[in-house]
Each structure stands twice: as structure tokens, then as C-alpha cells.
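Coordinate analysis (summary)
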Amino acid sequence: MVKRILLSIVMLVLIAYLVVAVSAFNRKPADQTCRDMELVIKDTAYAGFITKDELKGILQKKGIYPIGKKMERISTKSLERELSKHPLIDEAECYKTPSGKVCVEVTQRIPILRVMSANGENYYLDNKGTVMPPDAKCVAHRVIVTGNVEKSFAMKDLYKFGVFLHNNKFWDAQIEQIHVLPDRNIELVPRVGDHLVYLGKLDDFEDKLARLKEFYKKGLNKVGWNKYSRINLEFSNQIICTKRER
């Protein structure tokens, strides 16, 4: 009986100690000051528009740069809200650490197409179908779209095609240019091979490109990549090739 009582007392003491220890660990000094801000910019391989100095400048201009401020007075929501206003930022996440540091993670908008329309419009299209300004400093090559490109067509139809190319290593490397004809039919300019690919309408483009890839493997690899001047994929289950004139 005595042993049980002693064991219970020991357990209660241990529990009390743990509660006090955890509370002490989690308790932040009332006058703790932010000593550092860690900035992480994601997707720099695809975008590379935004610099850390630019982000610091945004927060300093708004008077909410955290370093030197009391931790309890820093609003991470305000930091997120201000950074998210930037036209090239897709998402911003901010949080505090117990050591007095503010961490900021920024996700950039990823460009997938560069549109240079015959009507004079010049812009990037991102992976969500949203227009980005043409002066964005893209560090990666993007497929160029030329011809009769209406912005509504680009944001709805070409955007889906651009996402497919961006997510497909082979076609992202192979397609250099998309040319939009007046009837919204599509021509593709490949990087390898001196020929044009007539896609026709964008309907069933995955099936059309699958047929073209198979033709590349079994056809052009045997007869040569410069034998044809035009490859037509418009019709289902057909590939019509126009021989180059000598």
C-alpha cells in the first residue's frame, strides 16, 4: 500500500515537472525582438523573376520589415497579404520561430508560354492561365506563341496545351514555336528537323502528338529528319507528309 502511494506521488511529481518544463519552453519573453528573417523563393528554375532584395524592399517600404521589431507586434498575416499583392507572386507563407526569427516562403507564378501576337500584344501566360507582364525576367526558355492570338483563346485553349508541353519533357524540349492561324488552327515549329507540324484544331492534341512521336521514332529516324517540309496531323489516325522539293 505504501509503495503504491509513493509511486503515485512520484508520478504526480514527474507530470508536474513535465508541465512546467513544456510551459517554460513554449513561453516567449515579452520583449523578444526579431533577430533574423529567412527568405525562401521557390520555383527559381522555372521563373526567377523575384529577388530577395526586392522582397525586403517591399516590406521596408510598407514599414513592416520584421527585423528589429518586437515578435509579438509582428503580424505574419500582414506580411503574407502585402507580398501576395506582387503580380509575380502566386503565394506567400510566413511564420515565426521560438528563436526569434521570421521565415518567409514565396511561390512564384510559373510562365509556360510567351505570347507575341500579330495584334501587338506581348505577355507571358502562367501555369494557371493568367496573363503575366512582358517585362518579367524569365530565366528559362518558354515556347513562343505567334500569329493571330486572341487573349481569350490563349487563356482558355492555348493555356491547356502549354501546361501539357510544360509537363512533358520530350515535347517541352522539341517544340520551339506555336503559330496560330486566322482560323485558330495550329502550326508547330520543332527544334529538331527542318519541317512544320500542322496540328489543326487543338482538339485531341495529346493523341496527335502521340502519333507524331511514334512517327519520329519509326519514320524520320530511318528516312531522315529533313525529308519532309510539312507533317499534317489534322485527321484522326493519319499522318500526311509533304516531301521537300529539291
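These figures come from a predicted structure and were not determined experimentally. Throughout this description, residue numbers start from 1 for each chain and increase along the sequence as written. Confidence filtering applies because this is a predicted model: local features only for residues at pLDDT of at least 70, side-chain atom pairs given and counted only at 80 or more, and all residues used for totals across whole chains, interfaces and linings. Only hydrogens and water are set aside; all other atoms, that is, all heavy atoms of the structure, feed into the side-chain values.

1. Focus: the sheet that holds strand E8 (residues 175–180)
Two strands pair if DSSP finds at least two bridges between them. Going along the chain from the N terminus, every DSSP run of H or I of four or more residues is numbered as a helix, and every run of E of two or more is numbered as a strand. With mixed pairing, the nine strands of this open sheet are ordered in space as E6-E5-E4-E7-E8-E9-E10-E11-E12. Each edge of the open sheet is held by one strand with a lone partner, namely strand E6 (131–132) and strand E12 (240–243). Where strand E4 (residues 111–117) lies against strand E5 (residues 122–126), five bridges are found, and the strand directions are antiparallel. By the bridge assignment, arginine 114 is partnered in E5 with tyrosine 124.

2. Some remarks on the confidence of the model for the protein chain
Caution is warranted with low-pLDDT regions, since their predicted coordinates should not be read in detail. Residues at a pLDDT of 70 or more form 81% of the protein chain, whose mean pLDDT is 85. Every residue in residues 20–27 scores below 50 in pLDDT, and together they form zero contacts with partners more than four places removed in sequence or on other chains. What pLDDT reports is the predictor's confidence in each residue, on a scale of 0 through 100. We call two residues in contact when some of their heavy atoms are within 4.5 Å.

3. Focus on the pairing of E5
Exposure classes here rest on a 1.4 Å probe applied to the protein chains alone. A residue is buried below 20% of its type maximum, exposed above 50%, and partly exposed in between. The element E5 is extensively covered by neighbouring structure, given that four of its five residues are classed as buried. Hairpin remark: E4 followed by E5, antiparallel, with four residues in the connecting loop; positive phi at glycine 120, about 100 degrees. Where E5 meets E6, two bridges bridge the pair, whose relative direction is antiparallel. For tyrosine 124, the partnering residue across the bridge sits in E6 and is methionine 132. Where E5 folds back on E6, the antiparallel hairpin that results is connected by four residues, among which glycine 129 adopts a positive phi of roughly 80 degrees.

4. A closer look at the sheet that holds strand E2 (residues 89–96)
Read across the sheet, three strands follow the order E1-E3-E2 without closing on themselves; strand pairing throughout is mixed. The outermost strands of the open sheet, each flanked by one partner alone, are strand E1 (36–42) and E2. Neighbour to neighbour, the strand axes of the sheet diverge by 15 degrees on average, direction disregarded. The angle between two axes is taken between their N-to-C directions and runs from 0 to 180 degrees, where each axis is a line fitted to C-alpha atoms and a helix contributes only its stretch in contact. Sheet strands touched by helix H2 (residues 52–61): E1, E2 and strand E3 (101–108). Its angle to E1, the strand with the most contacts, is close to 125 degrees. Where helix H3 (residues 76–83) meets the sheet, it contacts E2 and E3, and its direction lies at approximately 165 degrees from that of E2.

5. With respect to the pattern of salt bridges
When a carboxyl oxygen of Asp or Glu is within 4 Å of a side-chain nitrogen of Lys or Arg, the pair counts as a salt bridge. All chains considered together, the criterion is met by eleven salt bridges. Linking lysine 62 and glutamate 82 is a salt bridge whose minimum nitrogen-to-oxygen distance equals 4.0 Å. Taken together, the residues span a long stretch of sequence, with lysine 62 in the loop between H2 and H3 and glutamate 82 in helix H3 at a distance of 20 residues. In this structure glutamate 82 comes out as buried when scored by relative accessible area, which is 15%. In this structure, aspartate 90 engages lysine 128 in a salt bridge whose closest nitrogen and oxygen atoms are separated by 3.0 Å. Residue aspartate 90 is located in strand E2, and its partner lysine 128 is located in the loop between E5 and E6; the two are separated by 38 residues in the primary sequence. Given the relative accessible area of 31%, aspartate 90 is considered partly exposed. Through salt bridges with shared partners, a single ionic network connects Lys62, Glu82 and Lys85.

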